[in-house]
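# A closer look at the structure
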Amino acid sequence: MPDDGYGEFGGNGSVQCVIDIKNLKKKPTHTGATTGGAHRTEVVAENGSFENLKISLRIPKMMNEGQFRSFLAAAPVTGNKLEFSIPIEAKTTDQVKVSWG
């Protein structure tokens, strides 16, 4: 089944992110940065039977599959979140992908 939407994050000389939603529930809103603030864009997908988020991570070039599995298994859980850092890789715009649908 194709994705009803996704967000991709990766490197493109800096950090690049793309959000693609097939059916919008409301028009996207964008809040511009203020001094010391950040840009924020919010979008909402049309109602659907979304039950799961699929998270895809590209294996960093500095690791093989076994090393990456071990790295993820050793990642700490803080509160109720699994948190870890991976290096941003140049020209890998879909390094981290979250999809649904």
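Residues numbered from 1 in each chain as written. Predicted model: local features only at pLDDT ≥ 70, side-chain atom pairs only at ≥ 80, totals over all residues. Heavy atoms only, no water.

Turning to the environment of I88, a few remarks are in order. With respect to the helices, strands and loops of the structure, I88 is situated in the loop between β7 (81-82) and β8 (92-100). Placed 74 residues apart in sequence, I88 and S14 show a C-alpha to C-alpha distance of 8.3 Å. With residues near it in sequence (within four places) discarded, I88 still touches G10, G11, S14, V15 and Q95. (Helix = DSSP H or I, 4+ residues; strand = E, 2+ residues; numbered from the N terminus. Contact = heavy atoms within 4.5 Å.)

As a further point, take the layout of surface pockets. The gaps left among the atoms become clear once a water-sized probe is rolled over them. Within this model, the largest pocket holds a volume of roughly 200 Å³. Taken together, F9, C17, I19, D20, I21, L24, P28, R40, T41, E42 and V43 make up the lining of the largest pocket. Elements with a minimum of two residues in the lining of the largest pocket: β2 (15-21), β3 (24-31) and β4 (40-45). Partitioning the lining of the largest pocket into residue classes produces 7 nonpolar, 1 polar and 3 charged. (1 Å grid on protein atoms, 1.4 Å probe; cavity = no way out; pocket = protein on both sides within 12 Å on 5 of 7 lines; lining within 4 Å. Points joined across faces, edges and corners; volume = space filled by probe spheres on them. Nonpolar A, V, L, I, M, F, W, Y, C, P; charged D, E, K, R; others polar.)

For the rest of this paragraph, the subject is the environment of A45. Position of A45 relative to the elements: it lies in strand β4. Since its relative accessible area comes to 21%, A45 is described here as partly exposed. The spatial distance from the C-alpha of A45 to the C-alpha of K26 is 7.7 Å, given a sequence separation of 19 residues. (Buried < 20%, exposed > 50% of the residue type's maximum accessible area, 1.4 Å probe, protein only.)

Before going further, it helps to spend a moment on the confidence of the model for the protein chain. Summary statistics for the protein chain give a mean pLDDT of 83 and a share of 89% for residues scoring 70 or more. No element of the protein chain has a lower mean pLDDT than β4, at 77, and none a higher one than helix α1 (residues 65-73), at 96. (pLDDT = per-residue confidence, 0-100.)

What follows concerns the packing of aromatic side chains. The relation between two aromatic rings is expressed through the spacing of the ring centres and the mutual angle of the planes. A complete count under the given rule lists 2 aromatic pairs for this structure. Taking 5.8 Å as the distance between ring centres and 85° as the angle between the ring planes, the aromatic pair formed by F71 and F84 counts as edge-to-face. Of this pair, F71 sits in helix α1 while F84 sits in the loop between β7 and β8, placing them 13 residues apart in sequence. Overall, the relative accessible area of 27% leaves F71 in the partly exposed class. F84 sits in the partly exposed class, given a relative accessible area of 32%. The structure contains a cluster of three or more aromatic residues connected by ring pairs, namely F68, F71 and F84. (Phe/Tyr/Trp six-rings, centres within 6.5 Å; stacked < 30°, edge-to-face > 60°.)

Bringing the sheet that holds strand β1 (residues 5-11) into the picture now. The pairing of strands in a sheet comes from backbone hydrogen bonds and takes either a parallel or an antiparallel form. Read from one edge of the open sheet, 4 strands run β2-β1-β8-β5, paired in antiparallel fashion. Edge positions in the sheet fall to β2 and β5 (53-57), since each has one partner strand and no second. This sheet shows a mean twist of 15° between the axes of neighbouring strands, independent of strand direction. Across 7 bridges, β1 lies against β2 in antiparallel orientation. Among the inter-strand pairings, F9 is bridged to a residue of β2, identified as C17. (Pairing = 2+ DSSP bridges. Axes fitted to C-alpha atoms, helices over the stretch in contact; angles between N-to-C directions.)

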